[in-house]
Amino acid sequence: MSEQSTFSGPVVAVLIAGATAVFALSMLLMINGSSEDTSYATTTKSISAIGHAGLYELAQRFDIPVERSRINGVVAPGEGGILVMAEPTSSFSSDDIIRLGRESNVLLVLPKRWASADRSRSGWIRSTSPIPESWVAGIVGLVDAKASITRGDPPRAWDRNEIGIDPSFDDGAQLIKSDALTPIVGNAQGMLIGEKLDGDRRTWVLSDPDIIENHGLAKGRNAAFAMALLNAMRDGDSGKVVFDETIHGMVNVVDSPFKKLFQFPYVIVLVLVLSAAGLLIWATTSRFGKPRQAPPAFDFGKGRLIANTASLLDRAGHHAFVMRRYVRATLRDAGRLFHAPRQLDDEQLAAWLDKIGASRGIDTKSADILARTSDSHSTSLLVLFQAARDIHQWKEDISDGTSARS
């Protein structure tokens with residue numbers, strides 16, 4: 001006889017279908033999912049209109065070595081490299097100011113707009129508003145405290161352009177007025193790029209960020225202008241461009257292996273493993289709740305005593321003796337029910353009881369049954385078993401109602 005299965009066929013089919021669906025979903029999400037930051041901020045991770053992800057990727061395509069410097073992973077540009085501090089939209093910390101004055105080659109890109117996120121589309125912006133000129137002047141003031149910001153129509157021509165490529169503007173130009181900065185790209189209206197030299201340290205300030213933002217790179221020759229700007233500042237082909245993301249609060253997240261298990265896509269693997277473990281435990285468990293107590297080694301009840309006695313008699317082969325004794329014991333028991341005289345033997349008692357039976361309309365005679373069990377009459381077990389059955393039925397008939405009246 002085969003052991004019954006823990007799960008029925010339909011349950012197994014549902015489990016297999018569920019596991020297959022979860023596995024397919026995990027594969028789909030792993031292929032199409034992305035953990036890339038799609039923030040709307042002005043970072044090199046941002047794909048929004050005001051972000052710099054396009055500039056970072058464009059530099060990589062032109063084989064310019066680029067890196068990101070984060071709060072817990074500060075990267076130095078090294079010899080011949082550039083530190084790009086692009087559009088800080090909050091006040092510089094003391095560490096940022098120290099780094100601005102310490103690095104030997106810095107490109108500071110001034111901010112121009114505030115932006116609000118589009119909640120319906122991740123990574124997009126809903127609207128922008130201009131940052132006050134005084135606030136932008138406070139940023140450029142770290143390079144030249146007397147510098148000012150002007151906004152107006154884009155210049156039609158530049159009196160000086162050391163980059164060699166004319167940029168295109170969107171809706172007006174943001175320029176710098178400063179006596180301490182040397183124009184790299186500028187005219188009488190102001191400077192688009194100004195330079196400040198302090199010994200071995202060089203700082204360039206790009207006044208209008210539209211040219212290198214994601215939305216501006218596709219306009220005119222702005223992409224070529226941005227690449228020429230980076231190449232003009234770095235030393236040869238080995239100069240590294242490091243984007244300082246500490247000014248935007250970007251942090252290197254170093255997850256522990258245990259924390260990884262609760263992040264996508266590893267959490268799907270964790271769910272599958274836990275599900276498999278749960279099914280394995282369920283399949284190998286034969287019961288729930290409190291364990292059933294084992295039966296005692298020996299049963300001392302009446303039923304056990306009778307069964308043992310019957311077994312011993314059966315092994316000894318005393319079936320005929322037992323049947324004869326049963327007939328006579330039943331006869332004596334009926335005599336006690338009807339208060340028969342005690343001095344009567346079995347044959348006399350049977351005759352006395354048959355008179356009572358005749359008065360009650362019972363045709364069966366107990367004397368005949370008793371005679372069939374005598375040693376001289378028969379030794380057949382079949383006859384003795386029949387006699388035992390008949391005496392039992394005779395007693396039931398004759399004593400009907402007697403026990404209740406006693």
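The structure under discussion appears in the preceding block.
In this text the structure is predicted, and so the values were computed from the model without any measurement.

The rules behind these values
- Along each chain, residues carry numbers from 1 onward, in the same order as the chain's sequence is written.
- Local features in this predicted model are restricted to residues whose pLDDT is 70 or higher, and side-chain atom pairs enter the listing and the counts only when it is 80 or higher, whereas totals over whole chains, interfaces and linings include all residues.
- The side-chain quantities take in all heavy atoms of the structure and omit both hydrogens and water.
- We count a stretch as a helix when DSSP gives it H or I for four or more residues in a row; a strand needs E for two or more, and each element gets its number in order from the N terminus.
- By convention, a stacked pair of Phe, Tyr or Trp rings (six-membered ring in the case of Trp) has centres within 6.5 Å and planes under 30 degrees apart, an edge-to-face pair has planes over 60 apart, and any other such pair is tilted.
- Summary of the burial criterion: residues with accessible area below 20% of their type's maximum are buried, those above 50% are exposed, and those between are partly exposed, where the area comes from a 1.4 Å probe applied to protein chains only.
- Whether a charge sits over a ring depends on NZ of Lys or CZ of Arg being within 6 Å of the ring centre and within 35 degrees of the ring normal.
- Axis definition: a line fit to C-alpha positions, over the contact stretch in the case of helices; interaxial angles, taken between N-to-C directions, run 0 to 180 degrees.
- Here the word oblique covers every angle except those under 35 degrees (roughly parallel), over 145 (roughly antiparallel) and from 65 to 115 (roughly perpendicular).
- Working rule for handedness: look at the near helix, and if it is turned counterclockwise from the far one by less than a right angle, call the crossing left-handed; if clockwise, right-handed.
- In this analysis, two residues are considered to be in contact whenever any of their non-hydrogen atoms come within 4.5 Å of each other.
- In this classification, the charged set is Asp, Glu, Lys and Arg, the nonpolar set is Ala, Val, Leu, Ile, Met, Phe, Trp, Tyr, Cys and Pro, and all remaining amino acids, among them Gly, are polar.
- Expected helix span is computed as 1.5 Å times (number of residues minus one).
- What the arc covers is the set of directions going from the helix axis to the C-beta atoms.
- Note on definitions: salt bridges are taken to be side-chain nitrogens of Lys or Arg within 4 Å of carboxyl oxygens of Asp or Glu.
- Candidate patch residues must exceed 30% relative accessible area and have no salt bridge, after which like charges are joined if within 9 Å and Val, Leu, Ile, Met, Phe, Trp or Tyr side chains if within 5 Å.
- Methods summary: accessible areas were calculated by the Shrake-Rupley approach with a probe of 1.4 Å, and residue burial reflects only the protein chains presented.
- Counted as a polar contact is a pair of N or O atoms within 3.5 Å, where, for protein atoms, one must be capable of donating a hydrogen and the other of accepting one, and residues adjacent in sequence contribute only when both atoms are in side chains.

Student: Can you lay out unusual backbone geometry for me, pointing to particular residues and giving the numbers?
Tutor: As a rule of thumb, non-glycine residues mostly have phi less than zero, and peptide bonds are mostly trans rather than cis. In the Ramachandran plot, aspartate 63 falls in the positive-phi region, its phi being about 60° despite a non-glycine side chain. If you trace the backbone, aspartate 63 turns up in the loop between helix H2 (53-61) and strand E1 (66-69).

Student: With reference to specific residues and values, describe the packing of aromatic side chains.
Tutor: Evaluated as defined, the whole model comprises 3 aromatic pairs. Here the aromatic rings of tryptophan 114 and tryptophan 135 are separated by 5.5 Å at their centres, their planes lie at 65°, and the arrangement is edge-to-face. With tryptophan 114 in strand E4 (residues 113-117) and tryptophan 135 in helix H4 (residues 133-140), this pair connects stretches of sequence that are 21 residues apart. The exposure class assigned to tryptophan 114 is partly exposed, which follows from its relative accessible area of 33%. On the numbers, 6.3 Å between centres and 45° between planes, the contact of tryptophan 158 with phenylalanine 169 is tilted. Note that tryptophan 158 is positioned in the loop between strand E6 (148-152) and strand E7 (160-161) and phenylalanine 169 in the loop between E7 and strand E8 (173-177), a separation of 11 residues in sequence. What makes phenylalanine 169 buried here is its relative accessible area of 13%. One Lys or Arg, arginine 68, reaches over the ring of tyrosine 56 and ends 3.9 Å from the middle of that ring. Over the ring of tryptophan 124 we find arginine 121, and its NZ or CZ is 3.9 Å from the ring centre.

Student: Could you give an account of the packing of helix H10 (residues 319-337) against helix H13 (residues 381-398), naming the residues involved and the relevant values?
Tutor: Orientation of H10 relative to H13, taken along the N-to-C sense of each, is 15°, at an axis distance of 9 Å. It follows that H10 is roughly parallel to H13 by the angle criterion. Here H10 runs over H13; the crossing is left-handed. Between H10 and H13, the residues in contact are His319, Ala320, Met323, Arg324, Tyr326, Val327, Thr330, Leu331, Asp333, Ala334 and Leu337 and Leu381, Leu384, Phe385, Ala387, Ala388, Ile391, His392, Trp394 and Lys395, respectively. Split into classes, the residues belonging to the contact of H10 with H13 amount to 14 nonpolar, 3 polar and 3 charged.

Student: Describe H13, with residues and values.
Tutor: Compared with the 26 Å implied by 1.5 Å per residue over 18 residues, the 26 Å span of H13 between its first and last C-alpha is a close match. Every buried residue belonging to H13 is among Leu384, Ala387, Ala388, Ile391, Trp394, Lys395 and Ile398, and all of these are buried. Down the axis of H13, the buried side of the element spans an arc of 130°, and every buried residue falls inside it. Pointing more than 90 degrees away from the buried face of H13 are the exposed residues Leu382 and Arg389.

Student: Can you tell me about the pattern of salt bridges, naming the residues and giving the values?
Tutor: Scanning the model with the defined rule gives 13 salt bridges in all. Across the pair aspartate 210 and lysine 112 runs a salt bridge, and its minimum N-O distance is 2.9 Å. Here aspartate 210, found in the loop between strand E11 (201-206) and helix H5 (214-217), pairs with lysine 112, found in the loop between strand E3 (105-109) and E4; they are 98 residues apart in sequence, far enough to count as distant. Owing to a relative accessible area of 2%, aspartate 210 belongs among the buried residues under this scheme.

Student: Any details on a nonpolar patch on the surface? Residues and values, ideally.
Tutor: Nonpolar side chains collect at one region of the surface, where Leu15, Leu279 and Trp282 lie side by side and expose about 240 Å² of accessible area between them. Checked against the element boundaries, leucine 279 lands in helix H8 (residues 266-283).

Student: So, the side chain of histidine 52: which residues are in play, and what are the values?
Tutor: Position of histidine 52 among the secondary structure elements: in the loop between helix H1 (9-32) and H2. Here the side chain of histidine 52 touches glutamate 87 through a polar contact of 2.9 Å, side chain to side chain.

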